[in-house]
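# A closer look at the structure
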Amino acid sequence: EQDEEEQREDEETLVQYPFSERRLTRRARNITPEYIQRSRNSKNKSKKKPFITYGCRYCRTHLSSSFQIISKDYRGKTGDAYLISNVCNVLEDKIETRSMLTGDYLVCDIVCTLCHKTLGWKYLKSERQEQHYKEGKYILEVETICRCD
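A quick note: this is a predicted structure, and the numbers were derived from the prediction, not measured. (Residues numbered from 1 in each chain as written. Predicted model: local features only at pLDDT ≥ 70, side-chain atom pairs only at ≥ 80, totals over all residues. Heavy atoms only, no water.)

## Here's the deal with unusual backbone geometry
- Positive phi values are uncommon outside glycine, yet Arg60 reaches one of about 65°.
- Tracing the backbone through its elements, the reader meets Arg60 in the loop between β3 (53-56) and β4 (62-65).
- We classify Arg60 as partly exposed; its relative accessible area is 45%. (Helix = DSSP H or I, 4+ residues; strand = E, 2+ residues; numbered from the N terminus. Buried < 20%, exposed > 50% of the residue type's maximum accessible area, 1.4 Å probe, protein only.)

Structure below.
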């Protein structure tokens, strides 16, 4: 008798809906709106990236945010650097051609508007076709920036 009862519980149960009939398994019946809301909240929390504002290390003038970072796998004159799509509060210095590991580029140094310290450079033109994605982007060297809270 117990086996028959367990078997009936595991079988699909008919559930009435206003416009149709649907069959739900016991597992599906246990999914409540509260369960769905909890799972949505936990997914949203894990995907959320912290917003970080980066500034000049010397005068703390705001330069860019963490959402503008394209890549952290770059090297500058002083060490690690970030490839960033948009930067503010910088001035472009003289234009020059630089040879780098990935080819020759037409670049200009970028300096802070307030303290005039060199922060990195801007790619203006690339020699190689596969490197054109860098054009108009900025390199900010990690040694020259800080997190502004």
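## What about the sheet that holds strand β11 (residues 145-148)?
- Here we have 3 strands laid out as an open sheet, ordered β4-β3-β11, and antiparallel in their pairing. Here the strands that pair on one side only, and so sit at the sheet edges, are β4 and β11. Across this sheet, the average inter-strand angle for adjacent strands is 40°, counted without regard to direction. (Pairing = 2+ DSSP bridges. Axes fitted to C-alpha atoms, helices over the stretch in contact; angles between N-to-C directions.)

## Observations regarding the pattern of salt bridges
- Using the criterion set out here, one finds 4 salt bridges in the structure.
- Between Glu92 and Lys122 there is a salt bridge, with the nearest N and O atoms lying 3.1 Å from each other. A residue pair is termed long-range when its members are at least 10 positions apart, and Glu92 in strand β7 (residues 90-100) and Lys122 in strand β9 (residues 118-126) qualify at 30 residues.
- The residue Arg98 makes a salt bridge to Asp109 at a minimum N-O spacing of 2.4 Å. With a gap of 11 residues between them, Arg98 in strand β7 and Asp109 in strand β8 (residues 103-112) connect regions that are remote in the sequence. Taken as a pair, Arg98 and Asp109 share a single burial class, namely buried. (Salt bridge = Lys/Arg side-chain N within 4 Å of Asp/Glu carboxyl O.)

## Some remarks on the nonpolar core
- Within the largest apolar cluster, 15 residues are counted, with the highest numbers of intra-cluster contacts made by Leu63, Val87, Leu119 and Leu140.
- Counting only elements with at least two residues in this core, the list comes to β3, β6 (80-84), β8 and β10 (138-141). (Core = buried A, V, L, I, M, F, W, Y, C linked by side-chain atoms within 4.5 Å.)

## As for the pairing of β10
- Residues Tyr138 and Leu140 line one face of β10 and the alternating positions Ile139 and Glu141 line the opposite face, and both faces are buried.
- Two strands pair when backbone bridges link them, and β6 and β10 are joined in this way by 4 bridges, in the antiparallel orientation. When the bridges of β10 are listed, Leu83 appears paired with Ile139.

## A few points about the side chain of Lys134
- For Lys134, the position within the fold is in the loop between β9 and β10.
- Of note is the side chain of Lys134, whose polar atom sits 3.2 Å from the side chain of Tyr105.
- The contacts of Lys134, once residues within four sequence positions are left out, are Tyr74, Thr102, Tyr105 and Tyr123. (Polar contact = N/O pair within 3.5 Å; in protein donor to acceptor, adjacent residues only side chain to side chain. Contact = heavy atoms within 4.5 Å.)

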